[in-house]
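# Coordinate analysis (summary)
If you want the building blocks of each chain, they are given just below.
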Amino acid sequence: MPQSSFYALRHMWLFFTASVLLVIAKGANSYTNVIRSPISSLKNDGIVHRHPLSLAASPLGGSVTSPVQAGDKLPWAVLHWGFNPPQFIDLPLYCGTRSVIIVGITGAFVDNDQVPSFIEHSDDLKQLGVDEVIVYAVNDGAVMGVYQKEVDTRGTIVSFFADPDGQFTDLCGMRRDEKDEVDMKFGLIGRCKTFAAYVEGCIVRHVAVVGEGGVGEDSTLAPSLIKTIRAIRKQ
């Protein structure tokens, strides 16, 4: 191949790659026009949380803490919202004294029942006193932003965040088994387990993890969480 042709092809490839990245970035940023920024909800709850650095957690391949349980404080971790640049959300400060549900999914655009369930029952959860449903995955903010725009959470209390380095996932002890053959086949390395946690004032009140202790998908869907929250409120 003539050298001039080689350089021409290289320039065309670089231009194509840059165009694709620009489209992704614009798609991630465009949803900020219709979905509120979470920064306005940051609150200091006064609770002392363990900082991830003190736990020596190594994202995507290091030490992992024991699974979070009812009664534990919400781990101190930073999630991403948006892209180019992302907004960094200190989760305990963001949740503050509010009542929230945190839903971990395998990844953006990976088939799941959790996202449609919580969108469908958003009004029911709001009437119950739940302030927000935080859906997250071990993806970057751009991908989660496009995913949120795709499923259209406008008018709901459902918001999407990213845990790109798996920090929050590891601190919750929710990293999937990296030896899982299905995960290896589809490249789902270092992703989080499917789970749903109900949190009040940064204190975990309930956790359901699919596949552990006989827990099925239904236990991590909105109807099950609604029943659980009602039972907790009666205690």
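A few points on the structure. (Residues numbered from 1 in each chain as written. Predicted model: local features only at pLDDT ≥ 70, side-chain atom pairs only at ≥ 80, totals over all residues. Heavy atoms only, no water.)

Attention shifts here to the packing of aromatic side chains. Considering all chains together, one arrives at five aromatic pairs under this definition. Arranged with centres 5.3 Å apart and planes meeting at 65°, the rings of tyrosine 147 and phenylalanine 160 form a pair that is edge-to-face. With tyrosine 147 in helix 5 (residues 141–151) and phenylalanine 160 in strand 5 (residues 158–162), this pair connects stretches of sequence that are 13 residues apart. An aromatic cluster of three or more residues is present, and its members are Phe109, Tyr147 and Phe160. When the ring centre of tyrosine 94 is taken as reference, the NZ or CZ atom of arginine 98 above it lies at 4.8 Å. (Phe/Tyr/Trp six-rings, centres within 6.5 Å; stacked < 30°, edge-to-face > 60°. Helix = DSSP H or I, 4+ residues; strand = E, 2+ residues; numbered from the N terminus. Lys NZ or Arg CZ within 6 Å of the ring centre and 35° of its normal.)

Taken together, the buried positions of helix 5 are occupied by Gly141, Ala142, Met144, Gly145, Tyr147 and Gln148. Directly beyond the C-terminal end of helix 5, a positive phi value near 60° is found at aspartate 152. (Buried < 20%, exposed > 50% of the residue type's maximum accessible area, 1.4 Å probe, protein only.)

Let us now look at unusual backbone geometry. Cis peptide bonds are those with omega within 30 degrees of zero, and the linkage from asparagine 84 to proline 85 qualifies with 0°. With respect to the element layout, proline 85 can be found in the loop between strand 1 (78–81) and strand 2 (87–90). Summarising the element assignment, asparagine 84 is placed in the loop between strand 1 and strand 2. Not every positive phi belongs to a glycine, and phenylalanine 109 is a case in point at roughly 65°. Examined against the element boundaries, phenylalanine 109 turns out to sit in the loop between strand 3 (99–104) and helix 3 (114–120).

What follows covers the pattern of salt bridges. The full count for this structure, using the stated rule, is six salt bridges. When the shortest N-O distance is used, the salt bridge between arginine 98 and glutamate 132 registers 2.9 Å. Taken together, the positions of arginine 98 in the loop between helix 2 (91–95) and strand 3 and glutamate 132 in strand 4 (residues 132–137) put the pair 34 residues apart, joining distant regions of the chain. Residue classification places arginine 98 among the buried positions, given a relative accessible area of 10%. The exposure class assigned to glutamate 132 is buried, which follows from its relative accessible area of 0%. Salt-bridge contacts for glutamate 200 lead to arginine 233; the nearest nitrogen and oxygen are separated by 3.4 Å. In this pair, glutamate 200 is assigned in strand 6 (residues 195–200) and arginine 233 in helix 8 (residues 222–234), connecting sequence segments 33 residues apart. According to the relative accessible area criterion, arginine 233 is partly exposed, its value standing at 37%. Where salt bridges share partners, they join Glu200, Arg205 and Arg233 into one cluster. (Salt bridge = Lys/Arg side-chain N within 4 Å of Asp/Glu carboxyl O.)

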